[in-house]
Amino acid sequence: MSSDSESIAIRDVVFISHANPEDNEFALWISTQLALHGYKVWCDLTQLIGGETFWTDIQQIIQLHCVKFIFVLSRNSNYKNGTLNEIAVATSTASIHRLDDFIIPLHIDDLPHSETYVEIKRLNAIPFENGWATGLAKLIEKLEKDGVPHDSSCGPSTVASWWRNHSPANRFIITQPQHHLSNWFPIENLTSDIYFHKLTNGPLNRDFPLYNLPYPVSVYRNMLISFASADGLCCPSGPRIKIDHSKTMSLKEFLSKGIDIMDARHASNTIIYLLRVGWEREMRKRQLIRYQLAKGAKCYFFRDKQLDKNKITFVGTDGKTKRRAVVGVKNRTDIDGSKTTRFWHFGIEARPQLVPLPTFRIKPHVVFSDDGAKAWDNKDKQHRARRQQCWDWWNDDWRDRLLAVISWLTNENGSIDLALGEFVTAQVDNRPVDFYSQVRYEPPESTPIEYSDEPYPNEWDEEDV
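Since we're looking at a predicted model, the values are computed, not measured.

Asks: What is the right way to read the packing of aromatic side chains from this model?
Replies: Any two aromatic rings considered together are summarised by their centre-to-centre distance and by the angle between their planes. Enumeration according to the criterion identifies 14 aromatic pairs in this entry. Ring centres of Phe15 and Phe69 lie 5.4 Å apart, and the angle between their planes is 10°; on these two criteria the pair is classed as stacked. Taken together, the residues span a long stretch of sequence, with Phe15 in strand S1 (residues 13–17) and Phe69 in strand S4 (residues 66–73) at a distance of 54 residues. Under the relative-accessibility criterion, Phe15 is labelled buried at 0%. A residue is classified by how much of its surface remains accessible, and Phe69, at 0% relative accessible area, is buried. Measuring from centroid to centroid gives 5.3 Å for Trp344 and Trp393, while their planes differ by 75°, and the two rings are edge-to-face. Residue Trp344 is found in strand S19 (residues 339–353), and its partner Trp393 is found in the loop between helix H12 (379–390) and helix H13 (395–409); the two are separated by 49 residues along the sequence. Taking relative accessible area as the criterion, Trp393 reaches 10% and is therefore assigned buried. Taken together, the ring pairs connect Phe26, Trp29, Phe128 and Trp132 into an aromatic cluster. One residue, Arg286, lies across the ring of Trp408, its end atom 4.6 Å from the ring centre. Over the ring of Trp393 we find Arg401; its NZ or CZ atom is 4.0 Å from the centre of that ring.

Asks: How do you make sense of the environment of Ile87 when you look at a structure like this?
Replies: Here Ile87 is to be found in helix H4 (residues 81–97). Distance from Ile87 to Phe71, taken between C-alpha atoms, is 7.9 Å for residues 16 residues apart in sequence.

Asks: I would appreciate a short explanation of the confidence of the model for the protein chain in the present structure.
Replies: If pLDDT is low for a region, its predicted coordinates should not be looked at in detail. Here the protein chain shows a mean pLDDT of 86. Residues at 70 or above account for 89%. Every residue in residues 1–9 is under pLDDT 50, and counting partners more than four places away or in other chains gives 13 contacts. For the stretch residues 446–465, pLDDT sits under 50, and the model shows 66 contacts to residues farther than four places along the chain or on other chains.

Asks: What is the right way to look at empty space enclosed by the protein in this model?
Replies: Sizing a probe to match a water molecule and rolling it over the atoms shows the empty space that remains. Applying the stated criterion across every chain, the model contains 1 cavity of 30 Å³ or more. The computed volume of the largest cavity comes to approximately 30 Å³. Considering the residues around the largest cavity, the lining is formed by Leu210, Tyr211, Pro216, Val217, Tyr273, Val277 and Arg281. Considering every element that reaches the lining of the largest cavity, the biggest residue donor is helix H11 (residues 264–285), with 3 residues.

Asks: Would you mind showing me how to read the side chain of Gln353 here?
Replies: Tracing the sequence through the fold places Gln353 in strand S19. The buried category is assigned to Gln353, whose relative accessible area is 11%. A distance of 3.0 Å separates polar atoms of two side chains, one belonging to Gln353 and the other to Arg361. With near-sequence residues (within four places) excluded, Gln353 lies in contact with Trp184, Pro358, Thr359 and Arg361.

Asks: Explain the pattern of salt bridges to me, please; I cannot follow it from the model alone.
Replies: Opposite charge on two side chains lets them pair, provided their charged atoms get close. Under the defined criterion, the tally for this structure stands at 18 salt bridges. Asp400 is the salt-bridge partner of Lys322, the closest N and O atoms lying 3.5 Å from each other. Taken together, the residues span a long stretch of sequence, with Lys322 in strand S17 (residues 321–325) and Asp400 in helix H13 at a distance of 78 residues. For Lys374, the salt bridge goes to Asp377, with nearest N and O atoms at 3.6 Å. For Lys374, a relative accessible area of 53% gives the class exposed. Through salt bridges that share partners, Lys322, Arg324, Asp397, Arg399 and Asp400 make up one connected network.

Asks: Got a minute to help me understand the sheet that holds S1 in this structure?
Replies: Strand pairing in a sheet is mediated by backbone hydrogen bonds. Such pairs are either parallel or antiparallel. Spatial ordering of the open sheet is given by S3-S2-S1-S4-S5-S6, a layout of 6 strands whose pairing is mixed. Across the chains shown, the open sheet's two edge strands, defined by having one partner strand only, are strand S3 (47–48) and strand S6 (126–127). Judged from the 5 bridges that link them, S4 and strand S5 (residues 103–107) form a sheet pairing that is parallel. Looking at the pairing, Phe71 lines up with Pro105 of S5.

Asks: Which parts of the structure should I look at to understand the pairing of S19?
Replies: Where burial is concerned, most of S19 is hidden: 11 out of the 15 residues are buried. Here strand S15 (residues 298–301) pairs with S19 via 2 bridges, running antiparallel. Residue Tyr300 lies in a different strand from S19, and its bridge partner there is Ile348. Sheet analysis places strand S18 (residues 327–333) next to S19, joined by 7 bridges and oriented antiparallel. Each residue of the ladder has a partner; that of Val327, found in S19, is His345. The sheet contact formed by S19 and strand S20 (residues 359–369) spans 11 bridges and is antiparallel. Bridging from a neighbouring strand, Pro352 pairs with Phe360 of S20.

Asks: Would you explain the environment of Glu442 in this entry?
Replies: Along the chain, the position of Glu442 falls in the loop between strand S24 (440–441) and strand S25 (460–463). When the C-alpha atoms of Glu442 and Ile173 are compared, they prove to be 6.2 Å apart, with 269 residues separating the residues in sequence.

Asks: What's the story with the packing of helix H2 (residues 24–36) against helix H7 (residues 156–166) in this structure? I'm lost.
Replies: The packing of two helices is summarised by the inter-axis angle and the distance between the axes. Two elements in contact, H2 and H7, have axes whose closest approach is 7 Å; the angle formed by their N-to-C orientations is 140°. Overall, the two elements H2 and H7 adopt an arrangement that is oblique. Contacts from Leu28, Thr32, Ala35 and Leu36 of H2 reach H7 at Pro156, Val159, Trp162 and Trp163. Along the lines of polarity and charge, the residues of the contact of H2 with H7 split into 7 nonpolar, 1 polar and no charged.

Conventions used here
Residues numbered from 1 in each chain as written. Predicted model: local features only at pLDDT ≥ 70, side-chain atom pairs only at ≥ 80, totals over all residues. Heavy atoms only, no water. Phe/Tyr/Trp six-rings, centres within 6.5 Å; stacked < 30°, edge-to-face > 60°. Helix = DSSP H or I, 4+ residues; strand = E, 2+ residues; numbered from the N terminus. Buried < 20%, exposed > 50% of the residue type's maximum accessible area, 1.4 Å probe, protein only. Lys NZ or Arg CZ within 6 Å of the ring centre and 35° of its normal. pLDDT = per-residue confidence, 0-100. Contact = heavy atoms within 4.5 Å. 1 Å grid on protein atoms, 1.4 Å probe; cavity = no way out; pocket = protein on both sides within 12 Å on 5 of 7 lines; lining within 4 Å. Points joined across faces, edges and corners; volume = space filled by probe spheres on them. Polar contact = N/O pair within 3.5 Å; in protein donor to acceptor, adjacent residues only side chain to side chain. Salt bridge = Lys/Arg side-chain N within 4 Å of Asp/Glu carboxyl O. Pairing = 2+ DSSP bridges. Axes fitted to C-alpha atoms, helices over the stretch in contact; angles between N-to-C directions. Parallel < 35°, antiparallel > 145°, perpendicular 65-115°, else oblique. Nonpolar A, V, L, I, M, F, W, Y, C, P; charged D, E, K, R; others polar.

Shown next, in the form of structure tokens:
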């Protein structure tokens with residue numbers, strides 16, 4: 001950065017220019033993040049974080065104190081008189097004092113470069129539309145590279161103090177009871193005995209098709225652990241195993257003490273494994289398609305036309321009947337006029353847990369395909385498409401689709417039955433655990449940020465299949 005030395009001596013404030021109120025959510029976030037990193041930040045929402053000075057003349061701040069002018073570039077700020085006036089002041093200041101890279105645009109939505117305000121278009125904007133955390137890292141790198149000074153009065157404690165004094169918590173936490181619906185679905189009937197089958201010929205070969213056995217088993221050394229008896233596992237039509245002898249123990253005792261060669265923690269993990277395998281068997285039985293997630297997790301999704309109009313009818317949290325799509329399609333017209341189609345598939349991942357109570361934690365996912373069935377292998381491509389597809393899916397969208405899928409999996413008794421043994425069925429309740437709070441949080445009004453990481457133009461037309 002080149003500038004006259006007199007100006008540098010007093011320029012230590014990072015100025016945040018943004019469209020108010022449209023981009024307030026982002027402006028408040030970036031202001032506090034920069035203050036956390038030790039920068040003296042001014043924003044109309046926060047004033048000077050950590051400073052006692054109360055400036056009201058924005059022009060004076062930019063001309064005399066501003067070391068970097070951060071412009072939150074969006075469809076809103078690009079046309080707003082207030083932000084364009086601030087850009088004019090910043091441009092003039094940079095010219096008069098010969099401040100290189102004085103203005104740093106942060107691109108936060110799908111504003112095309114071709115439509116960007118002329119004073120901003122020639123500058124290198126830092127992309128935030130693909131992720132705020134990624135953009136912040138690049139911004140911090142830029143500030144460090146340009147030698148923007150840190151201020152000892154700024155940092156985590158300063159931000160915490162500012163937040164306590166200005167926190168919306170006091171304004172938005174209301175003393176009013178509220179129920180919170182969780183994604184925990186209770187497991188019933190998990191009180192049976194557990195079997196320990198010692199194999200005649202030692203440990204199974206690694207390639208042994210465990211999934212072809214009639215019921216879930218966990219292999220430990222030369223032993224099979226299962227809710228199924230020896231007769232239940234030794235099905236004539238399945239893969240052959242030879243069991244020398246078997247022992248049983250109550251599940252409660254197994255979980256509390258383990259056995260002589262296995263501690264209680266390992267015992268708990270074994271039961272969790274059996275539950276997970278039981279769930280996966282049921283998903284395959286229902287002809288859902290498996291998609292491999294990170295760290296060995298799996299989610300199961302619907303193929304195109306598996307359901308009537310790809311929708312599920314269910315009873316919502318308000319007691320009313322609803323319909324939700326779990327498969328959809330988007331058509332795109334590229335710049336060259338070519339047509340592209342992609343399918344999105346809503347899927348669920350189930351993670352069993354035994355504490356604080358036996359439940360399945362059901363997590364929603366969205367998977368993409370070209371043909372309505374085979375998910376893309378490219379994880380990055382999946383990630384980018386997910387950002388484009390789901391940016392406007394709020395909590396009720398995810399919740400309702402999750403409840404719709406659970407409803408579809410539920411039998412006439414109101415549960416999802418997982419066959420763990422010939423006489424043991426874990427029943428997963430279709431009603432999630434809800435929690436009670438004596439207070440509720442009323443969030444401030446905010447403008448959603450649209451994510452897009454496709455080259456402009458990005459024209460997708462969505463329709464249900």
